[in-house]
Amino acid sequence: MAQCEVCGNEYDKTLEVSRGGETHTFDSFECAIHALAPTCAHCGIRIVGHGLQKGSAMFCCAHCAEHEGVRELRDRA
Ligand SMILES: [Zn+2]
Ligand SMILES: [Zn+2]
């Protein structure tokens, strides 16, 4: 049995996510998102899609990027 590193739940069907050479163990996508997903620099929502990046800032959509003065980004539709 593995243990979720976010909520501590022990579960027999955990999912493992590798990022930057580290492997993280979670019991659900909700916990994985909580631990790994970046947040939108404008509205603070967890970005679970591709998102948009400008420098070190991440945005959930072109609308939010525009609010922060970033104009050249467009949603990849
Ligand atoms: Zn969990
Ligand atoms: Zn946003």
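Predicted model, so just to flag it, every value in this text is computed and none were measured.

*Asks:* What should I look at first to understand the overall build of the chain in this one?
*Replies:* Secondary structure assignment for the chain yields two helices and six strands. In the chain, the order of α-helices and β-strands from amino to carboxyl end is β-β-β-β-α-β-β-α. Relative to the compact-globule value of 11 Å for 77 residues, the chain shows a C-alpha radius of gyration of 15 Å, a clear excess of over 25%. The dimensions of the chain, computed from C-alpha atoms along their principal axes, are 50 × 25 × 20 Å. Long-range pairs, those at least 24 residues apart, make up 10% of the contacts in the chain between residues at least 6 apart in sequence. In the structure as shown, the chain presents an accessible area of about 5400 Å², 48% of it carried by carbon and sulfur atoms. For the chain, the distance from the average position of its 7 positive side-chain charges to the average position of its 11 negative side-chain charges is 11 Å.

*Asks:* Would you take a moment to explain the coordination of the zinc ion (ligand 2) for this structure?
*Replies:* Ideal geometry at a metal centre gives angles of 109.5 degrees when four donors are arranged tetrahedrally and 90 or 180 degrees when six donors are arranged octahedrally. Surrounding the zinc ion (ligand 2) are the protein donor atoms C40 (SG), C43 (SG), C60 (SG) and C64 (SG), at 2.3 to 2.4 Å. One can describe the site at the zinc ion (ligand 2) as tetrahedral: its four donor atoms subtend angles covering 106 to 114° at the metal. All donors of the zinc ion (ligand 2) belong to a single chain; written as a sequence motif, their spacing is C-x2-C-x16-C-x3-C. With C40 in the loop between helix 1 (29–36) and strand 5 (52–54) and C60 in the loop between strand 6 (57–59) and helix 2 (62–67), the pair connects residues that are 20 residues apart, well separated along the chain. The class of C40 is buried, set by a relative accessible area of 4%. The exposure class of C60 is partly exposed, given its relative accessible area of 28%.

*Asks:* Could you clarify how one ought to interpret the coordination of the zinc ion (ligand 1) in this entry?
*Replies:* Donor atoms from the polypeptide that bind the zinc ion (ligand 1) are C4 (SG), C7 (SG), D27 (OD) and C31 (SG), placed at 2.1 to 2.3 Å. Geometry at the zinc ion (ligand 1) is tetrahedral, judged from the four donor atoms that bind it and their angles of 94 to 121° at the metal.

*Asks:* Quick question: what am I supposed to make of a nonpolar patch on the surface here?
*Replies:* Together, F29, I33 and V48 line one region of the surface with nonpolar side chains, adding up to about 310 Å² of accessible area. Classification of V48 as exposed rests on a relative accessible area of 58%.

*Asks:* When you look at the nonpolar core in this model, what are you seeing that I'm missing?
*Replies:* Where a protein is soluble and globular, its nonpolar side chains tend to be buried together. Counting nine residues, the largest nonpolar core is built from C40, I47, L52, M58, F59, A62, C64, A65 and V70. Counting residues per element, this core draws most heavily on helix 2, which supplies three residues. Ranked by size, the runner-up nonpolar core spans six residues in total, among them F26, C31, A32 and L36.

Thresholds applied
- Residues numbered from 1 in each chain as written.
- Chains lettered and ligands numbered in written order.
- Predicted model: local features only at pLDDT ≥ 70, side-chain atom pairs only at ≥ 80, totals over all residues.
- Heavy atoms only, no water.
- Helix = DSSP H or I, 4+ residues; strand = E, 2+ residues; numbered from the N terminus.
- Rg over C-alpha atoms; globule rule 2.2 N^0.38 Å.
- Contact = heavy atoms within 4.5 Å.
- Areas by Shrake-Rupley, 256 points an atom, 1.4 Å probe, with all protein chains shown as cover.
- Lys, Arg positive; Asp, Glu negative; His and termini not counted.
- Charge placed at Lys NZ, Arg CZ, Asp CG, Glu CD.
- Donors = N, O, S within 2.8 Å, 3.2 Å for Na, K, Ca; no water.
- Tetrahedral: all angles 85-135°; square planar, octahedral: opposite > 155°, others 65-115°.
- Buried < 20%, exposed > 50% of the residue type's maximum accessible area, 1.4 Å probe, protein only.
- Patch = residues over 30% accessible without salt bridge, like charges linked within 9 Å, V, L, I, M, F, W, Y side chains within 5 Å.
- Salt bridge = Lys/Arg side-chain N within 4 Å of Asp/Glu carboxyl O.
- Core = buried A, V, L, I, M, F, W, Y, C linked by side-chain atoms within 4.5 Å.

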